[in-house]
Amino acid sequence: MTAFICTRFVQSILVLFIMSLLVFGGVNLVGDPVEMLINPEADQAEVERVIRELGLDRPVTEQYWYFLVNAFKGDLGSSFIFGEPALKLIIQRMPATLELALFSLFISLIIAIPLGIYAGYNPNSKASKVIMAGSILGFSMPTFWVGIIFIMIFAVQLGWLPSTGRGEIGTFMGINSSLFTLNGLSHVFLPALNLALFKISSVIRLTRAGTREIILQDYITFARSKGISEKRVVLIHVLKNILIPIVTVVGLEFGSLIAFSTVTETVFAWPGMGKLIIDSIYNLDRPVIVAYLMIIVTFFVFLNLIVDIIYTFLDPRVRIKGDHQ
Amino acid sequence: MNPKLRKFLEFCKDFSSNKVALVAFFIFLLILFVAIFAPLVSPTDPYDLNTVSIMNSRLPPFSEDFSGNYFLLGTDGAGRDMVSAIFYGLRVSLGVGVLSGIFALIIGSFFGISAAFFGGRYESLIMRIVDIQLSFPSILVALIILAAFGKGVEKTIIALILVQWAYYARTARSSALVEINKEYVDAARCLAFGNTRIMFKHILPNCMAPLIVVGTLQTAHAISLEATLSFLGLGLPITEPSLGLLIGNGFEYMYSGDFWISIFPGVALLITVASINLVGDHLRDMFNPRLH
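Thresholds, definitions, all that
Residues numbered from 1 in each chain as written. Chains lettered and ligands numbered in written order. Predicted model: local features only at pLDDT ≥ 70, side-chain atom pairs only at ≥ 80, totals over all residues. Helix = DSSP H or I, 4+ residues; strand = E, 2+ residues; numbered from the N terminus. Buried ≥ 20, exposed ≤ 12 C-beta atoms within 10 Å, placed from the backbone. Contact = placed C-beta atoms within 7 Å. Nonpolar A, V, L, I, M, F, W, Y, C, P; charged D, E, K, R; others polar. Axes fitted to C-alpha atoms, helices over the stretch in contact; angles between N-to-C directions. Parallel < 35°, antiparallel > 145°, perpendicular 65-115°, else oblique. Left-handed = near helix turned anticlockwise from the far one by under 90°. pLDDT = per-residue confidence, 0-100. Expected span 1.5 Å × (residues − 1). Bend = angle between axes of the 7 residues up to and from the residue. Core = buried A, V, L, I, M, F, W, Y, C linked by C-beta atoms within 7 Å.

1. With respect to the overall build of chain B
When helices and strands are tallied, chain B shows 11 helices and two strands. Secondary structure elements of chain B, listed N to C terminal, follow the sequence α-α-α-β-β-α-α-α-α-α-α-α-α. In chain B, which comprises 292 residues, the share counted as buried stands at 47%. Sequence separation of 24 or more characterises 70% of the internal contacts of chain B that already satisfy a separation of 6 or more.

Structure (structure tokens):
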């Protein structure tokens, strides 16, 4: 067990190291780092000062070393556009992204689980076939295009919901979030539904498959033979058992919602991390790009590490295999 | 009858048992035809500055300009005919998607089959890299590459190859592991054939079925991903207007109610991706022994 966690930890550090090489290489070897890293409006003296400060007159290996040391200290450079530390900018926008991802996770669960149970419970009914066809369509539809259609229908044509920005921010139990005001909720609804679309399709499939399996189990037959109403069988016995795998899988895939929020945030002008990186790429704000990539990779590497460790608790086979390596 | 021909006819009969997949297949063929022959079937050349007039910008669908040109799906902000722009866009989108799919298939099956064949540390290393890569969402992998190295046609294709190869490698390895224990591989070894010959002339052809299934589904995914990246302004440059770029161009006109500039390229993209997915889904069912 300890051996397994250690191997995985070393591996995570290795992945981070390779990623830092890739990002550093991308910024420094493709194109002129002086041109990229220094504000184009700086004068000659300023340019020379910054070159010395950033160590750009040193050999590449030494530069890379400085990049790593500074990154460890939490110094990933300052934004050209905002003039603030890149790390601070990203952390400022993190709550908006997390809020969007959490709300869309909530939407996908409350829509997909009932539909999935229905489709698994009546696999041959017309409605189930429509649900399953809909889930294939949901897989095929490009997220950004659906977002555009949402804006066109609900914001431009009907004028029901706002299409851009985050709205008013309320405070509840010390947490600032737009989920606590009505105006904020109206802003978050469309982007969250858009981001949820892909998840809805996959959770429907997962729930349906799980329901079809559970319905054949002995304990369901037993519950029915006790004379429990069919409604109670589905709502208590099936639902409870189906929730365990769904919550695990969906929880583990929370990271992919954050990755895909880049697209949704751009379409809906949602002021989160995803929009920041896209804007920074447009503005050639290299320090922010590097910082974002390093932060998001670190986030994913540690998310995966935690997932691996949780799995060793859930599945003893993983543990044994790891210890033998 | 020639046994190969008979096998092929049987396959066709099997495939047409699912009407939805059959229709999807013909729709895909039609799209492929339009994409390949875009310059011949398009009503106008949307990137020929002599025929495009800014006077015709943002005409709604079914409209006609002063010189009698008819625009079935309207025109975009620069006065280009949407039908033609979509046909040319399909060409770029399909080209990039299919090209990256083929490269990823070659690279992925090379590493997958060699991993299964040689085993040991080499196999662990390759499969560990595959696992690590698959733990990152595809859009993130593409985003990292394009954000670090900048946009462009080759870079987009490289990003799409890197996103996809791991799926092919995993599939190729798992089916090669089954094949390696079969007698024909032992026979080939007894004849002292070289490793390369056994891997790619004997094992690879027997792993093709699952690879083709993964290939269709991955190509659909790659087309969709390329559209997303181009929409975000990270993928293809403006000189290669794919469907994603067309949708992105139309986005700014959306707020003034000019829906057709964004919607129709999106419909084309949706039909393309959905038809490939339906064909792929059916192929997967056909090749899945558990369902027979």
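2. Some thoughts on the overall build of chain A
When helices and strands are counted, chain A shows 14 helices and two strands. The buried share of chain A, reckoned over its 325 residues, is 36%.

3. Focus on the interface of chain A and chain B
Many authors give the size of an interface as the accessible area that is lost as the parts come together. Contacts between chain A and chain B engage 35 residues on the former and 32 residues on the latter. When contributions to the side of chain A that touches chain B are tallied by element, the ones reaching two or more residues are helix 1 (2–29), helix 6 (126–140), helix 7 (143–157), helix 11 (254–267), helix 12 (273–282) and helix 13 (286–314) of chain A. Grouping the constituent residues of the side of chain A that touches chain B by class yields 27 nonpolar, eight polar and no charged.

4. Some remarks on the packing of helix 8 (residues 183–190) of chain B against helix 9 (residues 195–232) of chain B
Residues and elements named next belong to chain B. Across the interface, helix 8 lies against helix 9 with an axial gap of 11 Å and an inter-helix angle of 150 degrees. Between helix 8 and helix 9, the angle falls in the class roughly antiparallel. Both helix 8 and helix 9 take part in a crossing whose hand is right-handed. On helix 9, the residues touching Tyr184, Val185, Ala188 and Arg189 of helix 8 are Ile198, His202 and Ile203. Here the residues of the contact of helix 8 with helix 9 are counted per class, giving five nonpolar, one polar and one charged.

5. So, the confidence of the model for chain A
Scored by pLDDT, chain A has a mean of 80; 86% of the residues are at 70 or more. Ranking the helices and strands of chain A by mean pLDDT puts helix 5 (residues 86–121) of chain A first, with 89, and helix 14 (residues 316–324) of chain A last, with 54.

6. Topic: helix 10 (residues 230–252) of chain A
Spanning 23 residues, helix 10 of chain A covers 32 Å between terminal C-alpha atoms, matching the ideal 33 Å at 1.5 Å per step. Along helix 10 of chain A, the sharpest kink reaches roughly 40 degrees, centred on leucine 239 of chain A.

7. Some remarks on the environment of isoleucine 139 of chain B
Inspection of the secondary structure assignment puts isoleucine 139 of chain B in helix 6 (residues 138–149). The buried category is assigned to isoleucine 139 of chain B, around which 20 C-beta atoms lie within 10 Å. Remark: the alpha-carbon pair of isoleucine 139 of chain B and alanine 169 of chain B, spanning 30 residues in sequence, is separated by 19 Å. Among residues more than four places away in sequence, those in contact with isoleucine 139 of chain B are Ala259, Phe260 and Thr262 of chain A together with Leu225 and Thr228 of chain B.

8. A closer look at the nonpolar core
Among the nonpolar cores identified, the biggest contains 151 residues, and Tyr292 and Leu293 of chain A together with Ala142 and Ala147 of chain B are the most heavily contacted of them. Considering every element that reaches this core, the biggest residue donor is helix 4 (residues 82–118) of chain B, with 17 residues. Alanine 142 of chain B has contacts with Ala159, Leu160, Val163, Leu225 and Leu229 of chain B, leaving out every residue within four places of it along the chain.

9. Considerations on unusual backbone geometry
A positive phi angle, near 50 degrees, is found at alanine 269 of chain A, a position not held by glycine. One can find alanine 269 of chain A in the loop between helix 11 and helix 12. Although it is not a glycine, alanine 192 of chain B adopts a positive phi angle of roughly 60 degrees. Look at alanine 192 of chain B and you get exposed, because 6 C-beta atoms sit within 10 Å.

10. A look at the packing of helix 10 (residues 243–254) of chain B against helix 11 (residues 260–287) of chain B
All names here are of chain B. The interhelical angle for the contact between helix 10 and helix 11, taken along N-to-C directions, is 150 degrees, at an axis separation of 7 Å. With respect to helix 11, the axis of helix 10 lies roughly antiparallel. The hand of the helix 10/helix 11 crossing is left-handed. Contacts from Leu243, Leu246, Ile247, Asn249, Gly250, Phe251, Tyr253 and Met254 of helix 10 reach helix 11 at Ile261, Ser262, Pro265, Gly266, Ala268 and Leu269. Tallied by class, residues from the contact of helix 10 with helix 11 come to 10 nonpolar, four polar and no charged.

11. Side note on the environment of methionine 94 of chain A
Residue and element names in this part refer to chain A. Examined against the element boundaries, methionine 94 turns out to sit in helix 5. A residue is classified by how many C-beta atoms lie within 10 Å of it, and methionine 94, with 16 of them, is partly exposed. C-alpha of methionine 94 to C-alpha of asparagine 183: the two residues are 89 residues apart in sequence and 20 Å apart in space.

12. Structural notes on the confidence of the model for chain B
Looking at chain B, the pLDDT average stands at 84 and 88% of residues meet or exceed 70. Scored by ipTM, the complex comes to 0.80, with pTM at 0.84.

13. So, the environment of arginine 189 of chain B
All names here are of chain B. Mapped onto the elements of the fold, arginine 189 is located in helix 8. Classification of arginine 189 as partly exposed rests on a count of 13 C-beta atoms within 10 Å. Considering only alpha carbons, one finds arginine 189 and asparagine 277, 88 residues apart in sequence, at a separation of 39 Å.

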